[in-house]
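# Structural characterization, general
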Amino acid sequence: MKKTLLSLFAVLTVGSAYSQYEGFENWTQNSILQLDDYQTSINDGGGSVLGTTTQSTDANSGIYSVKLETVLAPSGDTAFGYFISGDPENMTPGQAVSLNNVDSVIGYYKADIQPNDSVLFICGTTFMGNPSGGGTYFLTQSQANWTRFAFYVGAIAADSLMIGAAGGNPLVEFNGIPGTWIQFDDIQLKSSTGVTQNILNSSFENWSTVTWDDLSNWNTTNQYFVGETMMPVNKTTDANSGTYALQLDLFITSRGDTSWSAITNGVFGQNQLEGGVPFTSSPIGIEFYYKYLPSGADTASFSVEFKETGQPSQWAGTQLYGTTTTYTLFSGFVPPVTPDSMIMSIWAGRNPGSQLKIDDINFVYPVGMNEILSVEKLVAYPNPVKDVLNIRFNLKKDKDVSIRLLDVTGKELIVSKLGNLSSGVYNQQFNTSNYNSGIYFIEFIIDGEKMVERFVVQ
């Protein structure tokens, strides 16, 4: 059966057209402000996409305050804002205390807290490694104006502090109600004699800009690792064609966890991929080029799921394993399908150190026999094009090939005489960055016969 399918695929691809789905050329630079001296929700992904922990210019004093919001994520989960200095699970301190004792923690807040919701504030002191005071406190009342708060800490002695706040009560997995927000400013520790000490960045004036690149029109796992020294999904100039390719890396995070590195044109749901993009074509195959450097016996994966009326219809995919240091073509058969949507995903594996590079994802379509009697099928992409035009063609036999690019007046812009080529698949690239916007033509000459395709420069 396997041999039959492979033979069928070989026959089909001889008379086939290639349509590029993704060449990984288009990336968008994202940026977000990270609160200095604290871990915030952007380190968990929620803040990078949804803005749950943000800088506000509505301040009690100075220029800025910190704002925590509870929102509904596209996956249907509730995302909450937080900031924390230290580790509340292990009661690990995050900053030093210079007061002899800590009677209370004081500061200012304003809020819009939804009915039956709350905001958690946590403050804990230690002395010589042992807990000495503090607790968890809840704010439940909305305040339209800046309002002073004071929570009793009761530490007779203290040398270190853990402090933070969060929407809802994540300590008991209650993540709050979307619509709740709160702002904090001017937080201090106060001793029993009235002496005060500012916590780190107590007026929330200091923020740093974190930037990263994300693949346009795709969702990536970068959102969960903002603030790390590296990202799991990146563009690389080590490309099979064009300027960029996709690079997925697995690494150990600053918390000691293993990152997960993946992209999808759908949505990362709570337990599975969801959504997808409209897709009504009926390809007979899919192919892409890849390099893989697995860590240990790791395996990467590539999958496409076609859907009809929102329900899974057909699935095609593969596991990638073994070291591949040069770009290698993967070609796969797609079962017959008439979908209305499609969801694609790529995963680098599970082991830290694994790296996957992918470029030039193409769907393969059958063409009529009359199209391949005298000339081979020509595919140009992307179309419209901005900087680099890729031309792909498949030769069944050894033939003499030339390619010319022409403007609408017929003026020759580029001529590429490739000479006598052996049978096989070829890719040519032409720089169009200096072309004016408009319509142009590709003249494909094979053994004296011509074929003309139109392309557009943006």
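Quantities reported herein were computed from a predicted structural model and do not represent experimental measurements. (Residues numbered from 1 in each chain as written. Predicted model: local features only at pLDDT ≥ 70, side-chain atom pairs only at ≥ 80, totals over all residues. Heavy atoms only, no water.)

## A short note on the overall build of the chain
Counting its regular elements, the chain contains 2 helices and 37 strands. When burial is assessed residue by residue, the chain has 48% of its 458 residues classed as buried. Of the contacts made within the chain by residues no fewer than 6 positions apart, 71% connect residues no fewer than 24 positions apart. Split by element, the accessible area of the chain, about 21,200 Å² in all, is 48% carbon and sulfur. (Helix = DSSP H or I, 4+ residues; strand = E, 2+ residues; numbered from the N terminus. Buried < 20%, exposed > 50% of the residue type's maximum accessible area, 1.4 Å probe, protein only. Contact = heavy atoms within 4.5 Å. Areas by Shrake-Rupley, 256 points an atom, 1.4 Å probe, with all protein chains shown as cover.)

## Some thoughts on empty space enclosed by the protein
Remark: the empty space left among the atoms is shown by a probe the size of a water molecule rolled over them. Scanning the entire structure with this criterion turns up 2 cavities of 30 Å³ or more. Each pocket or cavity is described by its volume, and for the second largest cavity that value is around 30 Å³. Around the second largest cavity, the lining residues are Leu68, Glu69, Thr70, Gly81, Val119, Gly167, Thr180, Trp181 and Ile182. At the level of elements, β5 (65–72) and β15 (181–190) are the ones that each hand at least two residues to the lining of the second largest cavity. Per-element tally for the lining of the second largest cavity: the top contributor is β5, with 3 residues. (1 Å grid on protein atoms, 1.4 Å probe; cavity = no way out; pocket = protein on both sides within 12 Å on 5 of 7 lines; lining within 4 Å. Points joined across faces, edges and corners; volume = space filled by probe spheres on them.)

## Considerations on the sheet that holds strand β37 (residues 449–457)
With antiparallel pairing, the 4 strands of this open sheet are ordered in space as β34-β33-β36-β37. Across the chains shown, the open sheet's two edge strands, defined by having one partner strand only, are β34 (412–421) and β37. The mean angle between the axes of side-by-side strands here comes to 15°, regardless of whether they run parallel or antiparallel. By the bridge criterion, 9 bridges tie strand β36 (residues 438–446) to β37 in an arrangement that is antiparallel. Bridge assignment links Ile445 to a residue of β37, and that residue is Lys450. (Pairing = 2+ DSSP bridges. Axes fitted to C-alpha atoms, helices over the stretch in contact; angles between N-to-C directions.)

## Considering the nonpolar core
When a protein is soluble and globular, its nonpolar side chains tend to lie buried together. Judged by nonpolar contacts, the single largest core of 32 residues is most densely connected at Phe83, Val105, Phe121, Ile163, Phe184 and Ile187. Put simply, the parts of the chain that give this core at least two residues each are β5, β10 (102–112), β11 (119–127), β12 (130–139), β13 (143–155), β14 (160–167) and β15. Setting aside residues up to four positions removed in sequence, Ile163 forms contacts with Tyr38, Phe83, Ile84, Ser85, Gln95, Val105, Phe121, Ile122, Cys123, Ile187 and Ile199. Within the second largest apolar cluster, 31 residues are counted, among which are Phe24, Trp218, Leu246 and Val304. (Core = buried A, V, L, I, M, F, W, Y, C linked by side-chain atoms within 4.5 Å.)

## Some details on unusual backbone geometry
Despite not being glycine, Asp37 has its phi angle at roughly 75°, a positive value. Here Asp37 shows up in the loop between β2 (27–35) and β3 (39–40). Even without being a glycine, Met128 presents a positive backbone phi close to 55°.

## Let's talk about the confidence of the model for the chain
Averaged over every residue, the pLDDT of the chain is 85; residues scoring 70 or more account for 88%. Across residues 367–375 the pLDDT falls below 50, and counting only partners more than four positions away or on other chains, this stretch makes 14 contacts in the model. (pLDDT = per-residue confidence, 0-100.)

## Remarks on the packing of aromatic side chains
Within the structure shown, the criterion is met by 27 aromatic pairs. Here Phe80 and Tyr82 contribute two aromatic rings whose centre-to-centre distance is 6.0 Å and whose plane-to-plane angle is 40°, an arrangement assigned as tilted. Note on Phe121 and Phe151: the rings are 5.5 Å apart at their centroids and 40° apart in plane angle, and the pair reads as tilted. Of this pair, Phe121 sits in strand β11 while Phe151 sits in strand β13, and the two are 30 residues apart along the sequence. Of the two residues, Phe121 and Phe151, neither departs from the other in class, the shared state being buried. Members of the aromatic cluster, connected to one another through ring pairs, are Tyr38, Phe83, Tyr109, Phe121, Tyr137, Phe149, Phe151, Phe184 and Phe204. (Phe/Tyr/Trp six-rings, centres within 6.5 Å; stacked < 30°, edge-to-face > 60°.)

## A word on the side chain of Ser402
As for its position among the elements, Ser402 is in strand β33 (residues 399–407). Setting aside chain neighbours within four positions, we find Ser402 in contact with Ser416, Lys417, Leu418, Glu443, Phe444 and Ile445.

## So, the side chain of Asp185
Tracing the backbone through its elements, the reader meets Asp185 in strand β15. No salt bridge is formed by the buried Asp185; its nearest oppositely charged neighbour, Lys110, is found at 10 Å. A polar contact is formed between the side chain of Asp185 and the backbone nitrogen of Asn60, at a distance of 2.9 Å. Side-chain polar atoms of Asp185 contact the backbone nitrogen of Ser61, separated by 3.3 Å. With near-sequence residues (within four places) excluded, Asp185 lies in contact with Ala59, Asn60, Ser61, Tyr64, Ser65, Gly107, Tyr108, Trp146, Ser202, Ser203 and Phe204. (Lys, Arg positive; Asp, Glu negative; His and termini not counted. Salt bridge = Lys/Arg side-chain N within 4 Å of Asp/Glu carboxyl O. Polar contact = N/O pair within 3.5 Å; in protein donor to acceptor, adjacent residues only side chain to side chain.)

## Thoughts on the environment of Ser142
With respect to the element layout, Ser142 can be found in the loop between β12 and β13. Residue classification places Ser142 among the partly exposed residues on the basis of a relative accessible area of 36%. C-alpha of Ser142 to C-alpha of Ile113: the two residues are 29 residues apart in sequence and 5.1 Å apart in space. Those residues in contact with Ser142 that lie beyond four places of it in its chain are Ala111, Asp112 and Ile113.

## Some details on the layout of surface pockets
In this model, the second largest pocket occupies a volume close to 580 Å³. Taken together, 25 residues line the second largest pocket, and the ones lying closest to its centre are Glu22, Gly23, Glu25, Asn26 and Pro382. Of all the secondary structure elements, the ones that give two or more residues to the lining of the second largest pocket are β1 (16–22) and β32 (388–395). Ranked by the residues each element gives to the lining of the second largest pocket, the list is headed by β1, at 3 residues. Counted by class, the lining of the second largest pocket contains 9 nonpolar, 11 polar and 5 charged residues. (Nonpolar A, V, L, I, M, F, W, Y, C, P; charged D, E, K, R; others polar.)

## Examining the pairing of strand β7 (residues 82–87)
Of the pairings in the sheet, the one linking β3 to β7 comprises 2 bridges and is antiparallel in character. Across the sheet, Gln39 pairs through a bridge with Ile84, a residue of β7. In this structure, β7 lies alongside strand β8 (residues 92–93), joined through 2 bridges in antiparallel fashion. Paired with Gly86 across the two strands is Pro93, which belongs to β8.

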